[in-house]
Amino acid sequence: MKNTIIALSLIATIGFTITGCKKDDDLVDVPQPVVNEQEIITSMFLMLTDSATNTPFDTIAFRDLDGDGSNAPVQWDTIRLNANTTYLMNVLLLNEIPNPADTISNEVAEEANDHQFFYNIAGISLTHTYLDQDTNNPPLPIGLVNKIRTGAAGTGTFQVVLKHQPGTKDGQQTTGDSDVDVTFQTIIQ
Amino acid sequence: MINKLVTLLIGLVCFLVVPAQNDSCNYTLTATLSDNEHGEQLGYATIYVVELPKKSTQTNDRGQFIIKGLCSGTYTLVCSHLNCERTTVKVVVTGSTSIQIVMPHHEHTGSTVVVSDRSDRPPVSQTRSEISGRQLDFVRGQNLGQAVASLPGVTVVQTGGNIAKPVIHGMHSNRLLILNNGVRQEGQQWGIEHAPEIDPFIASRISVIKGASAVRYGSDAIAGVILIEPGDIRMKPGIQGEFNAVGFSNNGEGNVAAIWEHRPEKYRAFAYRVQGTYRRGGNYATPNYRLNNTGVEEYNFSANAVYNHRRFDADIFFSQFNTTIGIFSGAHLGNITDLYEAINSSVPEETGSFSYRLGRPYQQVYHELLKARLVYYLNEDWKIRIQYARQYNRRFEYDKHGPRNDSLAALNRPDLSYELTTHSAELIAEHNMIRRMTGSFGVSGSYQFNTYAGRFFIPNYRAENVGAWWIERWNGDSILTLEAGIRYDIRHMQVFMWENNLIIRPQHQFRNFSATLGAIVRYSDRLQFNINGGRAWRAPAPNELYSNGLHHGAAAFELGDRNLETEAAWNAIATATWHEHDKLDVSITGYWHYFDNFIYATPQDQPIVSIRGAFPAFRFTQNNATLYGTDVQVGYHLNPHVQIISKAALLRAKNRDTKDWLIMMPADRGSAGVNYHFSDKGNWSDLMIGCNAQYVNKQFRVPYGVDFAPPPNAYFLVGFEASANKKLKTGSLLTTITITNALNQSYRDYLNRFRYYADEIGFNVRLHVKYSFEISKN
């Protein structure tokens, strides 16, 4: 009996030692390329169309090509609009790290019930209206398609915030996590 | 066989086996010391021979000592050991004699400050406190950080309820070394949210050594060392075991842990021990709400086998640690605006109901240790210790949101992953008393490599360390002990990382001396001073040199600086202890750390802008700094039943360059408790009830304008504890109960990173049952 116990415990100890030990995956010399499992958003484009003439007016860009990395944005445009004009504004989000780039705004549209854009205007005469809705009950705005109307000339800021609100979307900006938060200098002339 | 008389003043049993010899001065006294509670052999006890001080010696690993060249006569031996009352024994020698001395065990009702003497421990002149015996039973089920936080001068830095790191005198992580079973713990300890990967159920004693211990353990041990010590495997043939079950009311947590130990009658040289733990907890409750996704699941095991030969002891140990820890989902933030929204709302956005479900975000940590050790006894005076250890640590961190892309999400890959492998070896030669000197010297080396996958935070690297050290101690007489030690270390590190689409391989080399000098002055039977000072240093850690990434929990960037230099410190620590048995125990410690090039993260003027908004950035930098403070502990026996214990700790931490305070330092605190011990009745012992109160002041001493929110207010907590032990036929059944935050107070702690988002844990009852047994033939 005792011999059996000893034999078993010896086998167990040796067994743990051999099978338990994880292999050294020695790939130190060749660091793996950085992989961001969450497709990050590097770039946002606000595509403006003059609603009276239905002609493209301008595309405003914010591009930070290292995503969550510590480098500064490579492009951060100022919005310049004409006074007393109505524009259609479509939002395009890209991840420009892979080639070709991923269109993240499509993913946002797919998960529209969990996302909402918020537009905060300060210092200028500008009104914003949502033109799209999700399938929540009651439906809530998404903010990928919008209408903005300028008033008198002036200078101020236009802040775009995209909130990820899985299961908690309630039309409030304070809910959820910020996926996008960019403030553009805005001039109405 | 002639029986002879041995008188013990406080001691108990004696045996002897003596063949008569001619009456000259060449008798040999052989003795074994053991303790009366566990029958454990008392290694490294000091034996002072009153009549012949020059013959004074100490016991070996196995509690044995030999005194040669004795004439016939009566000798008085004063035996002292860290776990026992000092015992005086009269021995009548008329021939070579073999005796057994049993020493009464200390009551570990409070954490006594004690002094040790063992080669795998740092200099004896340092201040050491420990949790063992009943004190350890009261913290069973808690994680390592929480367990040691009951000691004065030790606090925890927490990330929620399940991640706690010990802090000694305001220092942690890269400045605090954890020695798990004699091996330097090598995990991803640089991160504040990376808790030590150790199962506290492994330990039968947890010791905290305050003050720099660099000479014995190498750089990094600037603040001190925490020793996780499994008890020695039983020497007597037989079986012993322990089964623990612990439950917590707050988060429905259950722990089961078992130990089985066996030394067979037929093969007395061989013994083994196996041990395992399982732990599962659900969402924690604060007084006003539950915290979503704060559960934990953990399973650990270890196996240990020893072979004790006349000339050597061989020991092989393997342990595995697996944990999955849910991170409170309200603490994972998109940007700084989200952080301020979280700070300004009284109730976090993501409260939840009770559940054991673990969702994103979470951490999954695996750690294994394999250790082989050989202690070879060359002769009575010298022994050699050889040790090899391999550790493998794997840390996966999962963000709050999985990939939007469904096929990627199905893979469920971690967003951050690190794998760290460490091989370490050491060779130590150690000598017993030779002309009043005891000491040891050794060399140690390690090779370590780290790889990452997923998002970047710290780079791949290889690091090699080599060090050599020597410590000698002069055991002058019963009043004075002096010791000195010196060490030299070389650390080389090569980093492999992508930069501008190229792999770069920067190298770093650090080399430096450490030194220690100390004294123990036994002023009287009651008053003792321990004084230690020295020089310690550490090389900058990989995160301090290279980190570059976003902390979702703090919505802040952390940036390394690859030009950082060695951090070095002059340290001094002194402790005065007053010990009156069954009356009064006082210990007062003062410490001082004078740092050059103290490494810490400082906020940058310019935030880092990404599409998610602006993030504050913190860059590692170096300044000169001074940390000093005091720890006080007083235990007073009002009468044989009532004991009062109170503790206090104060710390000041200043940046000498900016003349400002250092961030994230523990606030001043004090506690007091009263215990009532009932007399043993029949089979019942350890009948005790107690209550305690703790006050933690607001941390007023913070650097100006750096933190996101002001430090939380002071708080006052009340707790209760009780225990009872019943002797059974084959063992004993111990029950301990503790109640923490008994008044269900809402409070936040400055050193908990979740203080921005949520309150601390509310009312919690912990119920612990331990069954221990022993089966042996005599």
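From a predicted model like this one, the values you see are computed outputs, not experimental measurements.

Calculation notes
- Residues numbered from 1 in each chain as written.
- Chains lettered and ligands numbered in written order.
- Predicted model: local features only at pLDDT ≥ 70, side-chain atom pairs only at ≥ 80, totals over all residues.
- Helix = DSSP H or I, 4+ residues; strand = E, 2+ residues; numbered from the N terminus.
- Buried ≥ 20, exposed ≤ 12 C-beta atoms within 10 Å, placed from the backbone.
- Rg over C-alpha atoms; globule rule 2.2 N^0.38 Å.
- Contact = placed C-beta atoms within 7 Å.
- Arc of directions from axis to C-beta.
- Pairing = 2+ DSSP bridges.
- Axes fitted to C-alpha atoms, helices over the stretch in contact; angles between N-to-C directions.
- Nonpolar A, V, L, I, M, F, W, Y, C, P; charged D, E, K, R; others polar.
- Domains from an automatic or database assignment.
- Core = buried A, V, L, I, M, F, W, Y, C linked by C-beta atoms within 7 Å.

**Brief notes about the overall build of chain A**
Step number 1: The secondary structure content of chain A amounts to 2 helices and 11 strands.
Step number 2: Along chain A, helices (α) and strands (β) appear in the sequence α-β-β-β-β-β-β-α-β-β-β-β-β when read from the amino end.
Step number 3: Counting only residues that meet the buried cut, chain A has 31% of its 189 residues in that class.

**Examining the overall build of chain B**
Step number 1: From N to C terminus, chain B includes 6 helices and 46 strands.
Step number 2: Against the globule reference of 28 Å for 778 residues, chain B gives a C-alpha radius of gyration of 27 Å, in line with a compact fold.
Step number 3: Within chain B, the proportion of its 778 residues that are buried is 48%.
Step number 4: Taking the intrachain contacts of chain B between residues at least 6 apart in sequence as the baseline, contacts between residues at least 24 apart amount to 65%.

**Considerations on helix α4 (residues 336-344) of chain B**
Think of an α-helix as turning once every 3.6 residues; residues three or four places apart then point the same way.
Step number 1: When α4 of chain B is considered as a whole, its buried residues turn out to be Ile-336, Asp-338, Leu-339 and Ala-342 of chain B. In an axial view of α4 of chain B, the angular spread of the buried residues amounts to 155°, which keeps them on one side of the axis.
Step number 2: Its buried side turned inward, α4 of chain B meets β11 (177-188) of chain A together with β38 (613-615) of chain B.

**Looking at the environment of Val-702 of chain B**
All names here are of chain B.
Step number 1: Its place among the elements puts Val-702 in the loop between β43 (684-696) and β44 (715-727).
Step number 2: Separated by 49 residues in the primary sequence, Val-702 and Leu-751 place their C-alpha atoms 12 Å from one another.
Step number 3: Beyond its immediate chain neighbours, meaning those up to four positions away, Val-702 contacts Trp-661, Ile-663, Asp-707 and Pro-711.

**A short note on the pairing of β11 of chain A**
Taken residue by residue, a regular strand's side chains alternate between the two faces of the sheet.
Residue and element names in this part refer to chain A.
Step number 1: Note: strand β4 (residues 79-81) against β11, 3 bridges, orientation parallel. Directly across from Arg-80, in β11, lies its bridge partner Ile-187.
Step number 2: Where strand β10 (residues 154-164) lies against β11, 11 bridges are found, and the strand directions are antiparallel. Each bridged residue has a counterpart across the sheet, and for Gly-154 the counterpart in β11 is Ile-188.

**Side note on the sheet that holds strand β7 (residues 115-122) of chain A**
All names here are of chain A.
Step number 1: The strand order across the open sheet formed by 4 strands is β4-β11-β10-β7, and the pairing between neighbours is mixed. Both edges of this open sheet fall to β4 and β7, since each of them pairs with a single strand only. With strand direction ignored, the average angle separating the axes of adjacent strands in the sheet is 25°.

**Section: the pairing of strand β25 (residues 382-398) of chain B**
Residue and element names in this part refer to chain B.
Step number 1: Burial of β25 is extensive: 12 of the 17 residues sit out of reach of the surface.
Step number 2: Taken together, the 16 bridges between strand β24 (residues 362-377) and β25 define a ladder with antiparallel strand orientation. Each residue of the ladder has a partner; that of Leu-369, found in β25, is Gln-391.
Step number 3: In this antiparallel pair of consecutive strands, β24 and β25, the connection spans 4 residues.
Step number 4: Strand direction decides the pairing type here: β25 and strand β26 (residues 416-434), joined by 16 bridges, are antiparallel. Pairing of Arg-390 across the sheet is with His-423, part of β26.

**What to know about the interface of chain B and chain A**
Step number 1: The interface of chain B with chain A comprises 55 residues on the first partner and 47 residues on the second.
Step number 2: Of the residues forming the side of chain B that touches chain A, the biggest block, 4 residues, is contributed by strand β27 (residues 437-454) of chain B.
Step number 3: Looking at the side of chain B that touches chain A residue by residue, the class counts come to 27 nonpolar, 14 polar and 14 charged.

**Things to note about the domain arrangement of chain B**
Step number 1: Taken domain by domain, chain B holds domain 1 (6-103) and domain 2 (225-775).
Step number 2: Of the residues contributing to the side of domain 1 of chain B that touches domain 2 of chain B, the split by class is 3 nonpolar, 4 polar and 3 charged.

**Regarding the nonpolar core**
Step number 1: Counting residues in hydrophobic clusters, the biggest one holds 97 residues, and the most contacted among them are Val-148, Leu-179, Ile-226 and Ile-228 of chain B.
Step number 2: Among all residues touching Ile-226 of chain B, those that are not within four sequence positions of it are Val-148, Pro-166, Leu-176, Ile-178, Leu-179, Ile-206 and Val-208 of chain B.
Step number 3: One finds Ile-60, Val-108, Phe-158 and Val-180 of chain A within the second-largest nonpolar core, a separate group that totals 30 residues.

**What to know about the sheet that holds strand β5 (residues 64-70) of chain B**
All names here are of chain B.
Step number 1: Taken in spatial order, the 3 strands make up an open sheet running β5-β2-β8, and their pairing is mixed. Each end of this open sheet is capped by a strand with a single partner; those strands are β5 and β8 (97-103). Strand-to-strand, the axes of this sheet are offset by a mean angle of 20°, without reference to chain direction.
Step number 2: In terms of strand pairing, strand β2 (residues 27-35) meets β8 through 7 bridges, oriented parallel. The residue bridging Thr-32 from the neighbouring strand is Gln-100, located in β8.

**As for unusual backbone geometry**
Step number 1: The peptide bond linking Asn-99 of chain A to Pro-100 of chain A adopts the cis configuration, its omega dihedral lying at 0°.
Step number 2: Checked against the element boundaries, Pro-100 of chain A lands in the loop between β5 (86-95) and β6 (102-103).
Step number 3: Between Asn-137 of chain A and Pro-138 of chain A the backbone carries a cis peptide bond, its omega angle lying at -5°.
Step number 4: With a phi angle near 50°, Asn-84 of chain A is a residue other than glycine that sits in the positive phi range.
Step number 5: Mapping Asn-84 of chain A onto the fold places it in the loop between β4 and β5.
Step number 6: In this structure, Asn-412 of chain B takes a positive phi of about 50° despite not being glycine.
Step number 7: Residue position: Asn-412 of chain B is located in the loop between α5 (406-411) and β26.

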